[in-house]
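Architecture at a glance
Now for the letters of each chain:
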Amino acid sequence: MLIEGAGVVAHRPTSVPFFYRMVMRNIFPVALCALLLVACTPPEEPKPNGKVVEFTETEDLFPNPERGLYIQTYYTSADLSAVANVSVINYNRMADANVTVYLHSYYLTDYMESDIPQEFLDRFEKNMNALREGGAKAVLRFSYKSSMDTKDAPWNAKPEWIHKHIDQIAPYLQKHADVILCVQCGLLGSWGEWYYVSYYRMNPSKDEDYEPRWEVLEHMLRAVPESRQVALRTPMYKMRYLKMRGDSASSPITAAEAYNGSFKSRICGHNDCFVSSSNDVGTYSGPASRDFWAEDTKYTFMGGETCEKCSYSQADKAIPEMERFHWSYLNLGYREEVTSMWRKDGSMKTIQRRLGYRLVLKKAIVTPAPKAGQKFDAYFVLNNVGFAAPMNKRGLELILVSASDPSKKFVYPQTEDPRFWLPGEEHKFTLSCTLDASMKGEYKLYMNLPDPYESLHNDPRYSIRLANKDVWDETTGYNYLTTVTVE
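First things first, this report covers the structure right here in the doc. (Residues numbered from 1 in each chain as written. Predicted model: local features only at pLDDT ≥ 70, side-chain atom pairs only at ≥ 80, totals over all residues. Heavy atoms only, no water.)

1. A closer look at empty space enclosed by the protein
Condition: Think of a 1 Å grid over the protein atoms and nothing else: a 1.4 Å probe that fits but is trapped marks a cavity, an open set flanked by protein within 12 Å on at least five of seven lines marks a pocket, and residues with an atom within 4 Å of a point count as lining. Grid points are joined across faces, edges and corners, and a volume is the space filled by probe spheres set on the points. Secondary structure follows DSSP: runs of H or I at least 4 residues long count as helices, runs of E at least 2 residues long count as strands, and numbering of each begins at the N terminus. Classification convention: Asp, Glu, Lys, Arg as charged; Ala, Val, Leu, Ile, Met, Phe, Trp, Tyr, Cys, Pro as nonpolar; all other residues, Gly among them, as polar.
One pass over the structure, following the stated rule, counts one cavity of 30 Å³ or more. Taken as a whole, the largest cavity holds about 120 Å³ of empty space. Together, 14 residues line the largest cavity, and F62, R67, Q352, R353 and R358 are the ones closest to its centre. At the level of secondary structure, the elements contributing two or more residues to the lining of the largest cavity comprise β2 (68-75) and α12 (348-354). Residues that form the lining of the largest cavity fall into these classes: six nonpolar, four polar and four charged.

As structure tokens, this is what we get:
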């Protein structure tokens with residue numbers, strides 16, 4: 001079925017020939033300003049007879065996929081039978097925290113000089129299946145040690161074993177991409193955070209010192225499905241990587257580069273000492289690295305945890321930081337002194353609402369008397385009041401369901417990309433379709449934002465719920481808009 005779209009094209013004025021310049025020197029600036037004003041004007045609302053539907057925002061807390069507070073779980077070789085508990089996932093999803101994200105940390109401590117045994121890989125697969133059954137997704141991290149004490153060195157395996165282990169986990173990452181939120185690069189150093197490292201330069205300074213790290217990063221980027229991002233611990237790592245790979249300015253991702261499948265577009269970040277000192281305990285090297293992440297995280301995941309209660313972790317400082325760096329996920333349990341402080345001062349609910357995206361419909365204007373077999377338009381005004389945009393690819397559908405016979409349902413996929421619904425902005429767009437020729441009578445109109453993976457597409461737990469009153473249908477995952485009569 002052909003899906004028709006709508007858009008606005010801004011035309012740039014051509015250059016004025018030299019022999020006209022003297023004649024036009026008084027009117028050209030005025031004309032240029034007028035042209036620029038037209039080019040920058042947002043699309044006008046449909047006129048004159050559209051059916052206008054107004055929506056009311058809700059402050060309710062509710063679960064939504066791929067965002068929010070997360071719970072961290074650890075898996076070692078000590079108990080190969082330990083797997084994610086589906087009943088616990090279901091409980092956490094519906095409890096006050098509304099958890100839909102887990103950080104699964106896999107420690108390969110006993111396999112630093114051997115292959116990962118099949119039993120360990122089987123346990124990983126069972127965890128992915130449990131997440132799918134429980135309606136959640138995982139941030140993944142693989143590492144070798146959870147201590148920075150020198151007596152526990154080496155803190156990671158030798159390079160040849162690291163690369164063998166990436167090859168072993170790659171097929172499982174590919175198979176279970178649907179329930180992976182993102183992958184933290186890990187593998188190097190204590191906790192996989194790339195600092196207390198063995199067999200690699202501890203404090204690299206020259207290009208050749210960094211190259212072995214980039215080999216791990218690029219190997220992991222190839223192992224992880226192209227639809228998913230890989231996180232580095234500091235912005236300086238990505239900046240240095242880009243410079244060494246030809247981006248001399250180490251420039252953040254632009255809208256034109258976002259989600260194009262390049263390594264640049266797929267490298268995101270995680271901050272595991274958030275608001276814990278003036279530079280987040282070495283996370284930032286200065287203003288340039290902060291500015292880089294502030295821009296880059298418009299189109300890449302950012303998440304992590306706090307690690308110290310201090311003046312910087314007060315809510316009046318932390319919330320603006322989450323906003324500036326587009327936070328999508330935050331550790332519910334660590335560090336407990338900080339999260340408890342946010343609960344006591346009442347700011348935790350604000351953080352819960354705004355982590356990741358929070359999409360609020362303001363208005364819809366729809367074709368007032370649609371006719372079967374003809375074009376139908378729905379124009380929307382939507383605000384994203386969260387910290388971030390949806391980061392992974394997301395479906396968008398107009399759905400019409402017969403009011404008298406719910407079995408008569410018509411689904412119209414759209415090309416509008418929710419990943420560009422940036423926070424703090426008002427978004428205006430038109431969704432269009434050609435109605436089926438058999439349609440007649442009253443139809444309920446819905447917006448559906450499903451997971452694009454076939455395995456999750458029809459699971460309402462993986463569809464985005466809009467932050468509006470009286471729109472959510474929990475049985476389908478659809479957001480109700482209005483009722484139209486098809487002639």
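Now that the structure is up, let's keep going.
2. What about the sheet that holds strand β3 (residues 101-107)?
Sheets are built from strands that pair by backbone hydrogen bonding, the pairs being arranged parallel or antiparallel. What counts, and what does not: Pairing between two strands is assigned when DSSP locates at least 2 bridges connecting them. Each axis is a line fitted through C-alpha atoms, and for a helix only the stretch in contact is used; angles between axes span 0 to 180 degrees, taken between their N-to-C directions. In what follows, a contact means two residues having at least one pair of non-hydrogen atoms within 4.5 Å.
A barrel is described by the order of its strands in space; here eight strands give the closed sequence β2-β3-β4-β5-β6-β7-β8-β9, paired in parallel fashion. Neighbour to neighbour, the strand axes of the sheet diverge by 30° on average, direction disregarded. Each of β6 (230-232), β7 (267-274) and β8 (302-306) is contacted by helix α9 (residues 287-296), which is oriented at about 125° to β7, the strand it contacts most.

3. Structural notes on the sheet that holds strand β12 (residues 397-402)
Spatial ordering of the open sheet is given by β13-β12-β15-β17-β16, a layout of five strands whose pairing is antiparallel. Two strands lie at the open edges of the sheet, namely β13 (409-413) and β16 (472-473), each paired on one side alone. Strand direction decides the pairing type here: β16 and strand β17 (residues 478-486), joined by two bridges, are antiparallel. Each bridged residue has a counterpart across the sheet, and for W472 the counterpart in β17 is N479.

4. Focus: the nonpolar core
What counts, and what does not: As used here, the term nonpolar core means buried Ala, Val, Leu, Ile, Met, Phe, Trp, Tyr and Cys residues forming a set that is joined through side-chain atoms within 4.5 Å. For the exposure calls, accessible area comes from a 1.4 Å probe over protein chains only, and a residue counts as buried if that area is under 20% of its type's maximum, exposed if over 50%, partly exposed in between.
Ranked by size, the top nonpolar core spans 79 residues in total, and within it L140, L173, L217, M220 and W342 carry the most contacts. What W342 contacts, discounting residues up to four positions off in sequence, is V275, T306, S313, Q314, A315, A318, M322, L330, S347, M348 and I351. Among the nonpolar cores identified, the runner-up in size contains 32 residues, and L359, L398, I464 and L481 belong to it.

5. Some points on the packing of aromatic side chains
Where two aromatic rings form a pair, the distance of their centres and the angle of their planes describe that pair. Our working rule: Classification of ring pairs uses Phe, Tyr and Trp, with its six-membered ring standing for Trp, and accepts pairs whose centres are within 6.5 Å; under 30 degrees between planes counts as stacked, over 60 as edge-to-face, and the remaining range as tilted. Working rule: Lys NZ or Arg CZ, within 6 Å of ring centre, within 35 degrees of ring normal, means a charge sits over the ring.
In this structure the tally under the stated criterion is 27 aromatic pairs. Between W155 and Y196 the ring centres are 5.8 Å apart and the planes differ by 65°, which places this aromatic pair in the edge-to-face class. On the criterion of sequence distance, the pair formed by W155 in the loop between β4 (137-143) and α5 (159-175) and Y196 in the loop between β5 (180-184) and α6 (207-223) is long-range, its members being 41 residues apart. When its relative accessible area of 29% is taken as the criterion, Y196 is described as partly exposed. Taken together, the ring pairs connect Y75, Y106, Y111, F120, F124, F142 and Y172 into an aromatic cluster. A cation sits over an aromatic face here: R419 above Y259, 4.2 Å from the ring centre. We note R465 situated over the ring of F62; from NZ or CZ to the ring centre the distance is 4.2 Å.

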